[in-house]
Amino acid sequence: PVLYYMLNCAHPSHFAGVLAQAVVAGEEWVDRIRGLRANASAKSHAELDAMTELDSGDAEELAVQCRGLKERGLPGLNV
């Protein structure tokens, strides 16, 4: 059985809505999300792949959004 899930290489804005819906619906798999390795950039993977320079994103915005994930149903999340 799966012990936990980890989200990798994504900005919280890319998946926060889906997670919020799953939390409201009482989806059990959400309780097994324990890790997040986030991209600071809010650009899509396609946009990042097409760039010639690195987009460093907004570190403060990223921190606020990651904290929001913990507060809105993912208290065991490690970032």
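Let me sum up the structure you'll find in this document. In this text the structure is predicted, and so the values were computed from the model without any measurement. (Residues numbered from 1 in each chain as written. Predicted model: local features only at pLDDT ≥ 70, side-chain atom pairs only at ≥ 80, totals over all residues. Heavy atoms only, no water.)

What to know about the overall build of the protein chain
Assigned secondary structure in the protein chain consists of 3 helices and 2 strands. In sequence order, the secondary structure elements of the protein chain are arranged as β-α-β-α-α. Along the first, second and third principal axes, the C-alpha set of the protein chain runs to 40 × 25 × 20 Å. Burial status across the protein chain gives 22% buried among its 79 residues. Intrachain contacts of the protein chain at a sequence separation of at least 6 include 73% that bridge at least 24 residues. (Helix = DSSP H or I, 4+ residues; strand = E, 2+ residues; numbered from the N terminus. Buried < 20%, exposed > 50% of the residue type's maximum accessible area, 1.4 Å probe, protein only. Contact = heavy atoms within 4.5 Å.)

Regarding helix α3 (residues 59–71)
Note on helix geometry: an α-helix contains 3.6 residues per turn, so any two residues three or four positions apart are oriented the same way. End to end, α3 covers 18 Å across 13 residues, agreeing with the expected 18 Å (1.5 Å per residue, within 8%). Along α3, the residues that are buried comprise L62, C66, G68 and L69. All buried residues of α3 project into a common sector of 155° when viewed along the axis, lining one side. In α3, the exposed positions that point more than 90 degrees away from the buried face belong to E60 and E71. (Expected span 1.5 Å × (residues − 1). Arc of directions from axis to C-beta.)

Points about helix α1 (residues 12–25)
Along its 14 residues, α1 runs 19 Å from first to last C-alpha, staying within 8% of the 20 Å computed at 1.5 Å per residue. Within α1 the residues assigned to the buried category are P12, F15, L19 and A22. Packing partners of the buried residues in α1 comprise β1 (5–10), β2 (33–38) and α3. Once α1 finishes, G26 follows within two positions and takes phi at roughly 75°, a positive value.

Digging into the nonpolar core
Counting residues in hydrophobic clusters, the biggest one holds 12 residues: A10, F15, L19, A22, V30, I33, L36, L62, C66, L69, L74 and L77. Counting residues per element, the ones that place at least two in this core are α1, β2 and α3. When neighbours within four sequence positions are excluded, L36 is seen to be in contact with M6, L7, A10, P12, F15, C66, L69, L77, N78 and V79. (Core = buried A, V, L, I, M, F, W, Y, C linked by side-chain atoms within 4.5 Å.)

Let's talk about the packing of α1 against α3
Where α1 meets α3, the axes come as close as 11 Å, and the angle between the chain directions of the two elements is 20°. Taken together, the axes of α1 and α3 lie roughly parallel to each other. The crossing of α1 and α3 is left-handed. Judged by residue contacts, P12, S13, F15, A16 and L19 of α1 engage L62, Q65, C66 and L69 from α3. (Axes fitted to C-alpha atoms, helices over the stretch in contact; angles between N-to-C directions. Parallel < 35°, antiparallel > 145°, perpendicular 65-115°, else oblique. Left-handed = near helix turned anticlockwise from the far one by under 90°.)

Quick look at unusual backbone geometry
Even without being a glycine, C9 presents a positive backbone phi close to 55°. In this fold, C9 is placed in strand β1.

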